[in-house]
Amino acid sequence: IVQRAGVCNVADRLRDEIPSMISYRDSMIDSPYPRELASGISGNVPAVYGTTDLRAAFRRWKMAINEDTAGRAFYGELPEFDHNERVGWFDSNPHAPELRVVVLKGRTGSDLLDFIVDNMVDILRCEGRPVLTVEMDGNDPLFKASCAAILGEMVSSALRMRGGVL
């Protein structure tokens, strides 16, 4: 619909990227990486964040985790997530030790945005908050977001086999 309306050539781009996405999916099937990520959030409450170009992916992570594990997961956009939420996480926060921040990230094309996200992750870690950083390679936002969503499905599946999240 979007392409036929003349907005952009997203359908053609998606068709062109399908072989690369299949290759990515296949490489993750035998990889321990999805299981390692699941291990890092298993038995906890994940909050999955990313930049605008990965919005569909971090929302899919949250939805897949909630659907597959009947767990509680949250998501939000960086650097725009709620100021009070961020301040609460910068504290030692003994009332929410089960929170696990997952940050989907990759080069955004904005040095300032990359700097902000990297510093936020560093500050959270310095304050003792566990943060899992998921690096998504590639320059094309469509490809990165699609691969990140595929990875989220695999992490969710691995969580289901581990017994889920809180």
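Here goes a summary of the coordinates provided. (Residues numbered from 1 in each chain as written. Predicted model: local features only at pLDDT ≥ 70, side-chain atom pairs only at ≥ 80, totals over all residues. Heavy atoms only, no water.)

Considering the overall build of the protein
Broken down by element type, the protein carries 6 helices and 4 strands. When the elements of the protein are put in sequence order from the N terminus, they spell out α-α-β-α-β-α-β-α-β-α. Put simply, of all contacts in the protein between residues at least 6 apart along the chain, 77% involve residues at least 24 apart. (Helix = DSSP H or I, 4+ residues; strand = E, 2+ residues; numbered from the N terminus. Contact = heavy atoms within 4.5 Å.)

Description of the pattern of salt bridges
What the rule picks out here adds up to 11 salt bridges. Residue Arg60 pairs with Glu153 through a salt bridge whose shortest N-O separation is 2.4 Å. Within this pair, whereas Arg60 is found in helix H3 (residues 55-69), its partner Glu153 is found in helix H6 (residues 141-162), the two being separated by 93 residues in sequence. The partly exposed category is assigned to Arg60, whose relative accessible area is 23%. Across the pair Arg107 and Asp111 runs a salt bridge, and its minimum N-O distance is 3.2 Å. Each member of the pair, Arg107 as well as Asp111, carries the same accessibility label: exposed. Connected through shared salt-bridge partners, Arg60, Glu67 and Glu153 make up one network. (Salt bridge = Lys/Arg side-chain N within 4 Å of Asp/Glu carboxyl O. Buried < 20%, exposed > 50% of the residue type's maximum accessible area, 1.4 Å probe, protein only.)

Considering the environment of Phe58
As for its placement among the helices and strands, Phe58 is situated in helix H3. Phe58 sits in the buried class, given a relative accessible area of 1%. Along the sequence, Phe58 and Ala148 sit 90 residues apart, while their C-alpha atoms lie 7.7 Å from each other. For Phe58, the residues in contact, after removing those within four places along its chain, are Val48, Tyr49, Gly50, Thr51, Tyr75, Gly76, Glu77 and Leu104.

Notes on the pairing of strand E2 (residues 74-77)
The side chains of a regular strand alternate between both faces of the sheet. The pairing of strand E1 (residues 45-50) with E2 spans 4 bridges and is classified as parallel. When the bridges of E2 are listed, Gly50 appears paired with Glu77. (Pairing = 2+ DSSP bridges.)

Things to note about the packing of aromatic side chains
Within this structure, the stated rule accounts for 1 aromatic pair. Both rings, one in Phe58 and one in Tyr75, keep their centres 6.0 Å apart while their planes meet at 40°; by these two values the pair is tilted. In this pair, Phe58 sits in helix H3 while Tyr75 sits in strand E2, placing the two residues 17 residues apart along the sequence. (Phe/Tyr/Trp six-rings, centres within 6.5 Å; stacked < 30°, edge-to-face > 60°.)

Notes on the packing of helix H2 (residues 33-41) against H6
Where H2 meets H6, the axes come as close as 8 Å, and the angle between the chain directions of the two elements is 60°. If you check the angle between H2 and H6, you find them oblique. In terms of crossing hand, the pair formed by H2 and H6 is right-handed. Contacts from Tyr33, Pro34, Arg35, Leu37, Ala38, Ser39 and Ile41 in H2 reach Leu151, Met154, Val155, Ala158, Leu159 and Arg162 in H6. Tallied by class, the residues present in the contact of H2 with H6 amount to 10 nonpolar, 1 polar and 2 charged. (Axes fitted to C-alpha atoms, helices over the stretch in contact; angles between N-to-C directions. Parallel < 35°, antiparallel > 145°, perpendicular 65-115°, else oblique. Left-handed = near helix turned anticlockwise from the far one by under 90°. Nonpolar A, V, L, I, M, F, W, Y, C, P; charged D, E, K, R; others polar.)

Observations regarding the environment of Ala56
Mapped onto the secondary structure, Ala56 falls in helix H3. Placed 90 residues apart in sequence, Ala56 and Ser146 show a C-alpha to C-alpha distance of 8.3 Å.

Here we look at the sheet that holds E1
Sheet architecture is open: 4 strands sit in the order E2-E1-E3-E4, paired in parallel fashion. Two strands bound the open sheet, and with one partner strand each, they are E2 and strand E4 (131-135). Taking the axes of each pair of neighbouring strands and ignoring which way they run, one obtains an average angle of 20° across the sheet. Across the sheet, H2 lies against E1, strand E3 (99-105) and E4, angled at about 160° from E4, the strand it touches most.

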